[in-house]
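Tertiary structure, described
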Amino acid sequence: MAHLLTILCVLPLLLITITTSLLVDARPATFFQDFRVTWSDSHIKQLDGGRTIQLILDQNSGCGFASKSRYLFGRVSMKIKLIPGDSAGTVTAFYMNSDTDQVRDELDFEFLGNRTGQPYSVQTNVYAHGKGDREQRVNLWFDPAADYHTYSIMWNHHQVVFSVDDVPIRLFKNSEAKGVPFPKFQPMGVYSTLWEADDWATRGGLEKINWSKAPFYAYYKDFDIEGCPVPGPSSCASNPSNWWEGVSHQQLDPVAARRYQWVRMNHVVYDYCTDKHRYPVTPPECT
């Protein structure tokens, strides 16, 4: 009986502790808890109490936002619904950037608009210590304007993985042993922009924006950042106990590897690694 009374007395304390822990670890519920508008606040609108935002592009302006903090390793993801119909010449971008000039690190998702009926392409790129020009393009296997899909960047000491709905579409391994810089020293902020890029975005700039279709809208929700904020505990970025540094995230697991190979075989439409015109000698990270 005494043991039962002890359990009954301790249980409420345990529940309070667990609840407090959940509240501490809970992700922000609204956009403005983690992000700020960086460009044309009149073109970013809050919906659903700030849990969803609408980005607007018209002939006056595009727009953009950025995280309030920078991060060194971790994972960032967002659910995005892209511009429907004739979106040629537009670019919706979701990326991480160190905001440094000559030696910037950057991890890019760029969604390239299309003419109605053509597949949406997503271009990824990786900058490490100022070296970029590592573009890859994938034609998405669904209509990204019909509904929300989850786009994520997972970044640790071993690799960077770009994923769409948990399907890896791009893998950039740490190849420092081959003399290839890897982004591991500079914290990066999380950014997004919606802008006009009809000089290159659709068929190399052949397809221009049809402004009669404007304004163009893209939608974002379920903002999720898990990582080491900077400034913050200096030991965080090197802590091997962070979940994203675990053994299971140092390479693709068998299921993810099969999904990745499926994307590579069926949906890649450009890869700098195989562009012999630009790179007569295959870049070392590609071998």
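Residues numbered from 1 in each chain as written. Predicted model: local features only at pLDDT ≥ 70, side-chain atom pairs only at ≥ 80, totals over all residues. Heavy atoms only, no water.

Scanning the chain for helices and strands turns up three helices and 14 strands. Split into buried and exposed, the 287 residues of the chain put 47% on the buried side. Restricting the contact set of the chain to residue pairs at least 6 apart, pairs at least 24 apart contribute 66%. Within the structure as shown, the chain displays about 14400 Å² of accessible surface, and the carbon and sulfur contribution to it stands at 55%. (Helix = DSSP H or I, 4+ residues; strand = E, 2+ residues; numbered from the N terminus. Buried < 20%, exposed > 50% of the residue type's maximum accessible area, 1.4 Å probe, protein only. Contact = heavy atoms within 4.5 Å. Areas by Shrake-Rupley, 256 points an atom, 1.4 Å probe, with all protein chains shown as cover.)

You can see Trp243 is positioned in the loop between strand S13 (216-230) and helix H3 (254-266). Residue Trp243 is classed as partly exposed on the basis of its relative accessible area, which comes to 31%. In this structure, the C-alpha to C-alpha distance between Trp243 and Gly227, residues 16 residues apart in sequence, is 9.5 Å. Beyond its immediate stretch of four places on either side in the chain, Trp243 contacts Arg75, Glu226 and His249.

So, about the side chain of His43. Relative to the elements of secondary structure, His43 occurs in the loop between strand S1 (35-39) and strand S2 (44-47). Ignoring anything within four residues of it in the chain, the contact list for His43 reads Gln54, Leu55, Ile56, Asp58, Ser61, Gly62 and Cys63.

Right, let's get into the state of the cysteines. Going through the model one piece at a time under the given rule, you end up with two disulfides. Two residues, Cys228 and Cys236, share a disulfide whose sulfurs are 2.0 Å apart. A torsion of -75° about the S-S bond marks the disulfide between Cys228 and Cys236 as left-handed. At a sulfur-sulfur separation of 1.9 Å, the disulfide partner of Cys273 is Cys286. Disulfide Cys273-Cys286: torsion about the S-S bond near -70°, hence left-handed. With Cys273 in the segment after strand S14 (268-271) and Cys286 in the segment after S14, this pair connects stretches of sequence that are 13 residues apart. On the accessibility criterion, Cys273 (15% relative accessible area) is buried. Looking at Cys286, the relative accessible area reads 23%, which means it is partly exposed. Should the bonded cysteines of the chain be numbered as they appear in the sequence, the pairing reads 1-2, 3-4. (Disulfide = S-S within 2.5 Å.)

As enumerated under the stated definition, the model contains 22 aromatic pairs in all. Between the aromatic rings of Phe35 and Phe65, the centroid separation amounts to 5.3 Å while the plane-to-plane angle is 85°, which identifies the pairing as edge-to-face. In this pair, Phe35 is assigned in strand S1 and Phe65 in strand S4 (residues 63-81), connecting sequence segments 30 residues apart. Residues Phe35 and Phe65 agree in their burial class; the two are buried. (Phe/Tyr/Trp six-rings, centres within 6.5 Å; stacked < 30°, edge-to-face > 60°.)

Turning next to the confidence of the model for the chain. Counting all residues, the mean pLDDT for the chain is 89, and 90% of those residues have values of 70 or more. Across residues 2-26, confidence stays below pLDDT 50; counting only partners more than four residues off in sequence or on other chains, it has zero contacts. (pLDDT = per-residue confidence, 0-100.)

By the secondary structure assignment, Ser192 is in strand S12 (residues 188-196). Residues contacting Ser192, with those up to four places away along its chain left out, are Leu55, Cys63, Gly64, Phe65, Ala93, Phe94, Tyr95 and Tyr220. A polar side-chain atom of Ser192 sits 2.6 Å from the main-chain carbonyl oxygen of Ala93. Of note is the side chain of Ser192, whose polar atom sits 2.4 Å from the side chain of Tyr220. (Polar contact = N/O pair within 3.5 Å; in protein donor to acceptor, adjacent residues only side chain to side chain.)

Bringing unusual backbone geometry into the picture now. A negative phi angle is the norm for most residues apart from glycine, just as the trans form is the norm for most peptide bonds. Cis geometry marks the peptide bond from Ala214 to Pro215, where omega comes out at 0°. The topology assignment puts Pro215 in the loop between S12 and S13. Going from Val230 to Pro231, the amide bond is cis rather than trans, its omega being 0°. Within the secondary structure layout, Pro231 lies in the loop between S13 and H3. Residue Asp48 is not a glycine yet carries a positive backbone phi of 55°. Even without being glycine, Asp165 reaches a positive phi, approximately 50°. With respect to the secondary-structure elements, Asp165 resides in the loop between strand S10 (159-164) and strand S11 (167-173).

Attention shifts here to the pairing of strand S8 (residues 136-139). Sheet topology note: the strand S7 (residues 121-127)/S8 ladder contains four bridges and is antiparallel. The partner of Gln123 across the bridge, within S8, is Arg137. Two elements, S8 and S14, share three bridges in a ladder whose sense is antiparallel. Note that in S14 the partner of Gln136 across the bridge is Asp271. (Pairing = 2+ DSSP bridges.)

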